[in-house]
Amino acid sequence: MAKQAPTDHAKDIALSRDDSHPIYLQICARFKTAIAEGRLVPGDRMPSVRALASELGLSRGTINLAYQILAEEGYVEFRGAAGTFVDMRLRTPETAAPSPSATRHGLIEQPPNARPFQLGLPALDAFPRKTWSRLVSRCSRQLGAAQLGYPEPAGLMALRERIAGYLAFSRGIACRPEQVFVTAGHRASLELIMRSLYHPGDGIWFEDPGYPVAREFLLSIHAKLHPVPVDADGLVVEEGRRLAPDARFAIVTPANQSPLCVMMSKERRSELLKWAEEGQHWIVEDDYDSEYRYNRRPPLSLKAMDRGERVLFTGSFSKVLFPGLRLAYLVVPPGQIDVFERACRLVSAGCPEFHQSVVADFIEQGYFIRHLKKMRSLYAERRQLLVDIMHDVFGDRVAAISPAAGLHLVVQFQGYRAPASRIAALARAEGFGLQPLSLWYMGPQSIDGLLLGFTNITTKAMAATLAARLRDICVAADRED
């Protein structure tokens with residue numbers, strides 16, 4: 001039986017609003033320390049969101065965001081109604097051997113830190129480690145006094161230049177390096193945007209379904225979110241106008257909608273840009289997984305179509321390289337450079353310049369483009385492998401409803417009584433990293449399904465084993481329902 005985390009654990013979480021790190025990151029750091037020091041051990045139940053929020057005097061959104069980050073980094077796991085627990089896989093080989101069940105079902109075949117069907121991870125086995133190590137060694141040899149000081153808050157100019165060049169080539173965006181701001185991830189980009197342009201009470205159109213981590217961050221700063229439905233052509237702009245005509249922002253993923261993988265149509269793009277220009281609204285274009293469309297080129301970005309300087313463009317290296325980099329970027333209109341530079345000095349201590357130097361070299365020497373080309377081909381193969389195996393194992397009881405894009409499948413089951421949320425809860429308790437689509441909705445849920453990551457499914461045997469295990473879980477969920 002899982003041990004409950006000490007009820008007075010919140011007393012050990014000393015937080016400071018004067019700290020340069022947001023409160024939710026401070027909470028993450030405290031729990032990581034508790035796990036490292038053995039005060040929380042694998043299998044311990046974490047304090048409930050409600051209890052911890054009450055004890056610390058914080059919003060539940062702030063606690064939810066901290067727990068989501070800890071889950072993404074492999075420190076905790078969600079077990080549905082049972083609660084949130086310190087991840088059992090944090091046990092070392094000396095303290096816990098793989099269970100016979102895990103071995104039998106092939107779950108230990110996954111790369112380190114990757115759960116079966118886990119979302120948000122690139123193919124860890126395919127990263128060009130030798131090339132990267134060589135560039136790291138080269139940067140280390142060239143390390144000088146300038147790299148030992150405090151980093152530039154807006155980012156290393158060499159990397160900003162490389163990003164500007166890449167975006168001109170790949171996304172049709174003509175921008176100066178000064179318009180590019182390097183951040184410590186997508187959340188950091190959103191935080192910089194909010195600090196620069198957001199006023200209390202401003203409404204924000206938010207795709208429904210949409211990225212839950214971004215949603216929880218925005219709710220934690222008391223942003224006024226308006227869920228706007230998504231259909232096969234992307235965000236329904238007409239519905240946004242009807243539901244929240246006075247909203248000042250729209251946060252969208254037009255190239256590859258997160259999580260449905262649909263592409264915003266040309267007509268919707270024009271409608272959205274017209275809305276922004278007419279009322280001096282802002283569009284935050286999250287270029288989510290635009291690199292990974294398998295049957296066509298990515299569409300022209302909204303930023304490239306923007307003539308009214310109303311689009312803020314965000315991208316990340318987490319999935320095209322690896323999440324541990326914690327590097328992303330934001331492109332702002334020329335007229336907003338000074339505003340963002342002032343905000344950047346207030347909210348950002350800068351990202352480590354050493355990592356930025358390596359990424360700049362990786363791009364400049366042509367490895368980045370070659371890596372993307374290789375990964376597009378690999379992911380297309382792995383996606384099709386999973387689609388074929390799911391049909392072999394489930395027959396006509398499963399349907400992949402997402403287009404050939406992105407790093408996950410959206411699947412719907414037929415003939416099972418249990419909702420996808422129940423199936424997902426049982427699967428996550430078994431160590432799977434899949435998610436129910438319900439987690440991505442703010443408003444009424446229109447599609448019931450599961451999100452299955454396929455990037456780290458390397459063989460047909462692995463795919464078959466995992467699909468068979470998921471079928472067993474579906475049957476078990478039906479019995480419980």
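- As annotated in an unreviewed UniProt entry, the protein chain is GntR family transcriptional regulator/MocR family aminotransferase from Rhizobium lusitanum.
- In its Sequence similarities (unreviewed entry) section, the UniProt entry covering the protein chain states "In the C-terminal section; belongs to the class-I pyridoxal-phosphate-dependent aminotransferase family."

## A closer look at the overall build of the protein chain
Stage number 1. What the protein chain contains, in helices and strands, is 16 helices and 14 strands.
Stage number 2. Counting only residues that meet the buried cut, the protein chain has 55% of its 481 residues in that class.
Stage number 3. Summarising the internal contacts of the protein chain: among those between residues at least 6 apart in sequence, 73% fall at separations of at least 24.

## Details of the packing of helix α5 (residues 129-141) against helix α13 (residues 353-364)
Stage number 1. Viewed as axis vectors pointing N to C, α5 and α13 meet at an angle of 125 degrees, and their least axial separation amounts to 9 Å. By the angle between their directions, the pair α5 and α13 is classed as oblique. Crossing of α5 against α13: the hand is right-handed. For the pair α5 and α13, the contacting residues are Thr131, Trp132, Leu135, Val136, Arg138, Cys139 and Ser140 in the first and Phe354, Ser357, Val358, Val359, Asp361 and Phe362 in the second.
Stage number 2. Looking at the contact of α5 with α13, its residues break down into eight nonpolar, three polar and two charged.

## Brief notes about the sheet that holds strand β4 (residues 203-208)
Sheet strands associate in pairs through backbone hydrogen bonding, adopting either a parallel or an antiparallel arrangement.
Stage number 1. Overall, mixed pairing links the eight strands, which are arranged β3-β10-β9-β8-β7-β4-β5-β6 in an open sheet. A strand with exactly one partner marks an edge of an open sheet, and here the two such strands are β3 (180-183) and β6 (234-235).
Stage number 2. As paired elements, β4 and strand β7 (residues 249-252) share three bridges and run parallel to each other. Each bridged residue has a counterpart across the sheet, and for Trp205 the counterpart in β7 is Ala250.
Stage number 3. Together, β3, β9 (311-316) and β10 (328-331) form the strand contacts of helix α6 (residues 157-170), whose direction differs from that of β3 by roughly 115 degrees.
Stage number 4. Running at roughly 20 degrees to β3, helix α12 (residues 337-347) makes contact with β3, β9 and β10 of the sheet.

Cut-offs used in this document
- Residues numbered from 1 in each chain as written.
- Predicted model: local features only at pLDDT ≥ 70, side-chain atom pairs only at ≥ 80, totals over all residues.
- Heavy atoms only, no water.
- UniProt positions renumbered as here; feature names shortened; annotations may be inferred.
- Helix = DSSP H or I, 4+ residues; strand = E, 2+ residues; numbered from the N terminus.
- Buried < 20%, exposed > 50% of the residue type's maximum accessible area, 1.4 Å probe, protein only.
- Contact = heavy atoms within 4.5 Å.
- Axes fitted to C-alpha atoms, helices over the stretch in contact; angles between N-to-C directions.
- Parallel < 35°, antiparallel > 145°, perpendicular 65-115°, else oblique.
- Left-handed = near helix turned anticlockwise from the far one by under 90°.
- Nonpolar A, V, L, I, M, F, W, Y, C, P; charged D, E, K, R; others polar.
- Pairing = 2+ DSSP bridges.

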